Amino acid sequence: MQVLIVPTEQNATLFAARIIAQELRAKPDLVLGLATGRTMEQVYDHLVRLHREEGLDFSRCRTFNLDEYIGLAASHEGSYRFYMRSKLFDHVNIDPANTHIPDGTAPDLKAECRRYEALIREAGGIDLQLLGLGSDGHIGFNEPLSALRSRTRDKVLTEATLRQNAPMFGGDPARVPRRAITMGVGTILDSRRCLMLVTGHPKAPILARAVEGPITAMVTASALQLHPCCDVVVDEAAAAGLQEIAYYRWVFANEPEWAEFRDLA
Ligand code: GLP
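Because the structure is predicted, anything quoted here is derived from the model rather than measured. (Residues numbered from 1 in each chain as written. Predicted model: local features only at pLDDT ≥ 70, side-chain atom pairs only at ≥ 80, totals over all residues. Heavy atoms only, no water.)

I'm lost on the sheet that holds strand β8 (residues 179-182) in this one. Help?
Each strand in a sheet pairs with another by means of backbone hydrogen bonds, the pair being arranged parallel or else antiparallel. Taken in spatial order, the three strands line up as β4-β8-β7 in an open sheet, and their pairing is antiparallel. Of all the strands in the sheet, just β4 (67-69) and β7 (153-156) have a single pairing partner and so form its edges. Taken pair by pair, the neighbouring strands of this sheet meet at an average axis angle of 30 degrees, ignoring direction. Alignment of β4 against β8, held across three bridges, turns out to be antiparallel. Bridge assignment links D67 to a residue of β8, and that residue is T182. Strands in contact with helix α4 (residues 109-122) are β7 and β8; relative to β8, the strand with the most contacts, it is inclined by about 25 degrees. (Pairing = 2+ DSSP bridges. Helix = DSSP H or I, 4+ residues; strand = E, 2+ residues; numbered from the N terminus. Axes fitted to C-alpha atoms, helices over the stretch in contact; angles between N-to-C directions. Contact = heavy atoms within 4.5 Å.)

Written out as structure tokens, the structure is:
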């Protein structure tokens, strides 16, 4: 795992977008795992701009989103299908047939979860998985005590998650669906590369537990410590609780892989 610290949220979201763009240029038929939430909105803004200004090409890209609420139609403004269309898919040259999000309205949810896992396998697995961090330490919707080997399944959301995501439902946690389909921790760890993006002071304590704390199902993001190729891009505010900051800065300044991103530091 590498932790890459940049001054602001703007720099961090641009960093993530540039990593995605670098991977997409190297492999035009990239299988890209996508995340939702407020942190990702700026990443998608940057990707749309890179598409318009630099011709970043999504025509062969295939995407798999981490999760979707159960019971919301794709047309519902709170659904992640709606989010992805409005933030990214409708503004770049991606083939809608190549965009995959679990169907939270499927009559048989267990069958839908199996179908989703099979689709990922048929695509050859996920090359790059983008991840945010929930206030309770979740990745996807893998709430505390999610098995670290779990696969795509339906989960009951914590009250903390309902509160965190209430702004997308008129500010009322009672309007947030109580359940979601999510890739499992094991599904996420099967990705060839993981990229977690975390910004803002409120996430500093949970980021420190995820990155430097023990690996535990209580903080499912801590499972990323097991991943052989995981980068964590953070702004200074989110990095405030980390112990080994000096070393992370040293690695970022000296690792050749990051040379073209150092203008963001
Ligand atoms: C939701 C998503 C997560 C995401 C999290 C962070 O819970 N299921 O995948 O990481 O939101 O959201 P935000 O960026 O709004 O803090």
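Before we go on, may I ask you to explain the side chain of T161 in this structure?
With respect to the secondary-structure elements, T161 resides in helix α5 (residues 159-165). Accessibility expressed as a relative area gives 1% for T161, which makes it buried. Side-chain polar atoms of T161 contact the side chain of H138, separated by 3.4 Å. When residues no more than four places from it in sequence are discounted, the contact partners of T161 are D136, H138, F141 and E143. (Buried < 20%, exposed > 50% of the residue type's maximum accessible area, 1.4 Å probe, protein only. Polar contact = N/O pair within 3.5 Å; in protein donor to acceptor, adjacent residues only side chain to side chain.)

Would you take a moment to explain the site of the ligand for this structure?
Close contacts around the ligand come from 15 residues, with R38, T39, D67, H138 and K203 the closest. Between the ligand and the protein, one listed contact pairs an oxygen atom with a side-chain N or O atom of H138 at 2.9 Å. Contact between the ligand and Q164: an oxygen atom at 3.1 Å from a side-chain N or O atom of the residue. In the shell around the ligand, the residues fall into four nonpolar, eight polar and three charged. (Near = heavy atom within 4 Å. Nonpolar A, V, L, I, M, F, W, Y, C, P; charged D, E, K, R; others polar.)

I keep staring at the pairing of strand β1 (residues 2-6) and nothing clicks. Help me out?
Of all five residues in β1, five are buried, a share of seventy percent or more. Alternating residues of β1 divide into Q2, L4 and V6 and V3 and I5, and every residue in both groups is buried. Strand direction decides the pairing type here: β1 and strand β10 (residues 230-235), joined by five bridges, are parallel. Residue I5 lies in a different strand from β10, and its bridge partner there is V234.

Help me understand the environment of I126, please; the structure alone is not making it clear to me.
Mapped onto the fold, I126 is located in the loop between α4 and β6 (128-131). In this structure, the C-alpha to C-alpha distance between I126 and L24, residues 102 residues apart in sequence, is 13 Å. In contact with I126, not counting residues within four places along its chain, are V31, G33, F64, I120, M183, S191 and R192.

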